[in-house]
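Architecture and fold: a report
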Amino acid sequence: MSPPIAPLGWSRWLVPPAALSIHLSIGQAYAWSVFKPPLEDALGLSGTQSALPFQLGIVMLGLSAAFGGTLVERRGPRWAMTVALVCFSSGFLLSALGAATQQFWLIVLGYGFVGGIGLGIGYISPVSTLIKWFPDRPGMATGIAIMGFGGGALIASPWSAQMLESFGSDSQGIALAFLVHGLSYAVFMLLGVLLVRVPRPRTEEQRADGGTATAAGPQVSARQALRTPQFWLLWVVLCMNVTAGIGILEKAAPMITDFFADTSTPVSVTAAAGFVALLSAANMAGRIGWSSTSDLIGRKNIYRVYLGAGTLVYALIALVGDSSKPLFVLCALVILSFYGGGFATIPAYLKDLFGTYQVGAIHGRLLTAWSTAGVLGPLIVNWIADRQEEAGKDGADLYGTSLLIMMALLVIGFVANELVRPVHPSHHLAAVTAQKGAPDVRQQQSESA
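A quick note: this is a predicted structure, and the numbers were derived from the prediction, not measured.

On a plain count of helices and strands, the protein chain comes out with 21 helices and zero strands. Taking 2.2 N^0.38 as the reference for a compact globule, 449 residues should give roughly 22 Å; the C-alpha atoms of the protein chain span a radius of gyration of 22 Å, in line with that estimate. In terms of overall dimensions, the protein chain has C-alpha extents of about 65 × 45 × 35 Å along its principal axes. Scored against the burial criterion, the 449 residues of the protein chain give a buried share of 58%. If you take every contact in the protein chain between residues at least 6 apart in sequence, the share linking residues at least 24 apart comes to 84%. On the protein chain, roughly 16300 Å² of surface is accessible, and the fraction owed to carbon and sulfur atoms is 67%.

See below:
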């Protein structure tokens, strides 16, 4: 499947909606916490066990993005979006079969492994295309698309809760909900497959359409990027920021219920699902708002906000979060806006450091940090909460240690961001070409696939 080239007169503003159709669909992953309590009751699972499909999905997201990044660059966005559609929808159908037969391993395989591949390929599918269409505003462009991933739960959370209420929260009701998800998302993602285009290789038309001329700056191959300290520092930055956010996000519905279970105004199941939807809205708003802000103040400065201010907000939750429901919700919304903003800003940060050449492949490799965080975050929060519950604790006491750990991780990420410097010219494509010769560089590009 060859990349579809935009016809004459094609507006670049049609590309973000194509990306949104994919990201709004795969963003359902952030609504997984709505399924956790029903699965635990229906299949007799612990909190740690019910997080496995989500954790594996995030692991496969990073791995498939890392190994498929160069292939996505070569085959183009339409091919990638088609693969994402097939894998993500098939994952739900396998999960429906697993729920219907009460075979939890099928849910892990379907939602986690197969669906996770769809998450990774779908996540990176529009990134380099958007940067090529919008080199003048890369933070805003990637923020628009990746905003959809953060906002997916805004739709999926209340929708899933309503289906579980209508179909029932037993294994058969869960199976029906998974089935409807799989079929509906297949139709919606197809819109993006049909709509996406890549820019024409004609700079005159590109400039006329709003400044899509080739961006100046360093150009570094994906393989060479792995040899730079900047790549690994950004890997640490992303991993720490994601770990600190994803642990709470995956546990969001049970967490707010536990924090206020012993108060005069406990949180109902419906309200908890609404809280997940609010977090999704903050996640989504942060992706477009903070990433657009990074075009004005710079990527390094915006990560100082994510990591530094995020540490202070976590401290506020740990100290007084259980004393005020509005304060708890507000702090959680701020944290999730930083979490989402970090995802949306990282492609532009990579473009600033490594250029547009193979930026999609570099982004895919960097998302292995997300895979690591997808295991660490939920594992830390769920494992500690389970141990605290076994020790006879309840309420906010289940999460105190986890919050302290998240604060420490954000401090580590802050230090790593401070150490980021421009990439040394010896890693630039022109320098490597001069040093090794053009034939060797072509071989290197081939090996990077």
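Our next topic: the packing of aromatic side chains. The description of an aromatic ring pair rests on the distance of the ring centres and on the angle between the ring planes. Per the counting criterion, the structure on display carries 28 aromatic pairs. Taking the centre distance of 5.4 Å and the plane angle of 80° together, the rings of F149 and W370 count as edge-to-face. You can see F149 sitting in helix α8 (residues 138-167) and its partner W370 sitting in helix α18 (residues 368-390), a full 221 residues away along the chain. Exposure remark for F149: the relative accessible area of 0% places this residue in the buried category. Among the residues examined, W370 registers a relative accessible area of 0% and is labelled buried. When the ring of W290 is compared with that of F338, the centres are 5.5 Å apart and the planes differ by 55°; the resulting orientation is tilted. Taken together, the residues span a long stretch of sequence, with W290 in helix α14 (residues 269-297) and F338 in helix α16 (residues 325-354) at a distance of 48 residues.

Turning our attention to a nonpolar patch on the surface. Taken together, the side chains of L93, F167, L176, L179 and L183 define a hydrophobic patch exposed on the protein surface, amounting to about 410 Å² of accessible area. Ranked by residues supplied to the nonpolar patch, first place goes to helix α9 (residues 171-195) with three residues. By secondary structure assignment, the location of L179 is in helix α9. Overall, the relative accessible area of 34% leaves L179 in the partly exposed class.

What follows covers unusual backbone geometry. Of note, the phi angle at Q102 is positive, near 55°, even though the residue is not glycine. Tracing the sequence through the fold places Q102 in the loop between α5 (77-100) and α6 (104-124). Residue classification places Q102 among the partly exposed residues on the basis of a relative accessible area of 47%. Unusually for a residue other than glycine, Q358 sits at a positive phi of about 60°. Its place among the elements puts Q358 in the loop between α16 and α17 (359-366).

Our next topic: the confidence of the model for the protein chain. Per-residue confidence for the protein chain averages 85 on the pLDDT scale, and 92% of its residues sit at or above 70. Element-level mean pLDDT values for the protein chain span from 44 in helix α10 (residues 203-208) up to 95 in α5. Across residues 203-215, where pLDDT falls below 50, the model places 29 contacts with residues more than four positions away in sequence or in other chains. Between residues 445-449, whose pLDDT stays under 50, and residues either more than four places distant or in other chains, the model counts ten contacts.

Bringing the packing of helix α1 (residues 15-26) against α9 into the picture now. One can describe the packing of α1 onto α9 by two numbers: an axis separation of 7 Å at closest approach and a directional angle of 155°. Between α1 and α9, the angle falls in the class roughly antiparallel. Like other packed secondary-structure pairs, α1 and α9 cross with a definite hand, here left-handed. Side by side, α1 and α9 meet where P17, A18, S21, I22, L24, S25 and I26 of the first sit next to Y185, F188, M189, L191, G192 and L195 of the second. Classifying every residue of the contact of α1 with α9 gives ten nonpolar, three polar and no charged.

As a further point, take α6. Structural remark: α-helix, 3.6 residues per turn; residues separated by three or four positions point the same way. Here α6 contains 21 residues, and its C-alpha end-to-end distance of 29 Å stays within 8% of the 30 Å for a straight helix at 1.5 Å per residue. Of all the bends in α6, the largest measures some 35° and sits at G115. Within α6, 17 of the 21 residues are buried, which leaves it mostly tucked inside the rest of the structure.

Scanning the model with the defined rule gives five salt bridges in all. Note that D352 and R299 form a salt bridge whose closest N and O atoms lie 2.6 Å from each other. With D352 in helix α16 and R299 in helix α15 (residues 299-320), this residue pair connects regions lying 53 residues apart in the sequence. Relative accessible area serves as the criterion here: at 35%, D352 is assigned to the partly exposed category. In this structure, E418 and R304 form a salt bridge, with 2.6 Å as the shortest nitrogen-oxygen distance. With a gap of 114 residues between them, E418 in helix α19 (residues 400-418) and R304 in helix α15 connect regions that are remote in the sequence. Residue classification places E418 among the partly exposed residues on the basis of a relative accessible area of 25%. Take R304: its relative accessible area is 31%, and that puts it in the partly exposed class.

What counts, and at which threshold
Residues numbered from 1 in each chain as written. Predicted model: local features only at pLDDT ≥ 70, side-chain atom pairs only at ≥ 80, totals over all residues. Heavy atoms only, no water. Helix = DSSP H or I, 4+ residues; strand = E, 2+ residues; numbered from the N terminus. Rg over C-alpha atoms; globule rule 2.2 N^0.38 Å. Buried < 20%, exposed > 50% of the residue type's maximum accessible area, 1.4 Å probe, protein only. Contact = heavy atoms within 4.5 Å. Areas by Shrake-Rupley, 256 points an atom, 1.4 Å probe, with all protein chains shown as cover. Phe/Tyr/Trp six-rings, centres within 6.5 Å; stacked < 30°, edge-to-face > 60°. Patch = residues over 30% accessible without salt bridge, like charges linked within 9 Å, V, L, I, M, F, W, Y side chains within 5 Å. Salt bridge = Lys/Arg side-chain N within 4 Å of Asp/Glu carboxyl O. pLDDT = per-residue confidence, 0-100. Axes fitted to C-alpha atoms, helices over the stretch in contact; angles between N-to-C directions. Parallel < 35°, antiparallel > 145°, perpendicular 65-115°, else oblique. Left-handed = near helix turned anticlockwise from the far one by under 90°. Nonpolar A, V, L, I, M, F, W, Y, C, P; charged D, E, K, R; others polar. Expected span 1.5 Å × (residues − 1). Bend = angle between axes of the 7 residues up to and from the residue.

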